[in-house]
Amino acid sequence: MKGDRVEIVVDAGDTTRTYEVVASRAGRRVETAVRRGVVEVSEVTRSGSVVRTARFMATRVLALVEQPVPREDASERPREEEPS
């Protein structure tokens with residue numbers, strides 16, 4: 001969903017660096033995966049094609065903050081009353 005965002009804080013030796021991966025267009029989402037000591041954050045289209053990927057060594061990642069866009073759930077919407 002446009003606006004999905006993941007912030008990655010990485011240890012860069014004497015300092016920390018912050019990176020962001022953002023779903024830049026409507027219909028895209030951001031997915032995270034940890035595989036074989038690597039943290040991978042990808043922007044993915046509706047069809048599942050990867051647009052871009054950021055990879056970091058898992059031992060260097062200090063924080064991984066996922067900030068999804070609030071989605072409106074069907075059960076939370078106010079019901080409209082039908083006229084009799």
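Above: the structure in question.
*Asks:* Account for the side chain of glutamate 40, naming residues and giving values.
*Replies:* Residue placement: glutamate 40 occurs in strand β4 (residues 38-44). Judged by its relative accessible area of 18%, glutamate 40 is buried. With sequence-adjacent residues up to four places away left out, glutamate 40 is seen in contact with Glu31, Thr32, Ala33, Arg35, Thr53, Ala54 and Arg55.

*Asks:* Lay out the sheet that holds strand β2 (residues 16-22) with the relevant residues and their values.
*Replies:* As summarised here, the arrangement of the 3 strands in space is β2-β1-β6, forming an open sheet in which the pairing is antiparallel. The strands lining the two open edges of the sheet, one partner per strand, are β2 and β6 (61-67). Each neighbouring strand pair of the sheet contributes to a mean axis angle of 15°, computed without reference to strand direction. Relative to β2, strand β1 (residues 5-11) runs antiparallel, the two being bridged by 7 bridges. Counted as the bridge partner of glutamate 7 is glutamate 20 from β2.

*Asks:* Please set out the nonpolar core residue by residue, giving values where relevant.
*Replies:* Counting 11 residues, the largest nonpolar core is built from Val6, Ile8, Val10, Val21, Ala23, Val30, Val39, Val41, Ala54, Phe56 and Val61. Broken down by secondary-structure element, the contributors of at least two residues to this core are β1, β4 and β5 (50-57). No other element matches β1, which puts 3 residues into this core. Other than its neighbours up to four places away in sequence, valine 6 contacts Tyr19, Glu20, Val21, Val30, Thr32, Val41, Leu64, Val65 and Glu66.

*Asks:* Break down the environment of valine 38 for me, with residues and values.
*Replies:* Within the secondary structure layout, valine 38 lies in strand β4. Classification of valine 38 as partly exposed rests on a relative accessible area of 29%. Along the backbone, valine 38 and arginine 55 are 17 residues apart, and their C-alpha atoms lie at a distance of 6.5 Å.

The rules behind the values
- Residues numbered from 1 in each chain as written.
- Predicted model: local features only at pLDDT ≥ 70, side-chain atom pairs only at ≥ 80, totals over all residues.
- Heavy atoms only, no water.
- Helix = DSSP H or I, 4+ residues; strand = E, 2+ residues; numbered from the N terminus.
- Buried < 20%, exposed > 50% of the residue type's maximum accessible area, 1.4 Å probe, protein only.
- Contact = heavy atoms within 4.5 Å.
- Pairing = 2+ DSSP bridges.
- Axes fitted to C-alpha atoms, helices over the stretch in contact; angles between N-to-C directions.
- Core = buried A, V, L, I, M, F, W, Y, C linked by side-chain atoms within 4.5 Å.

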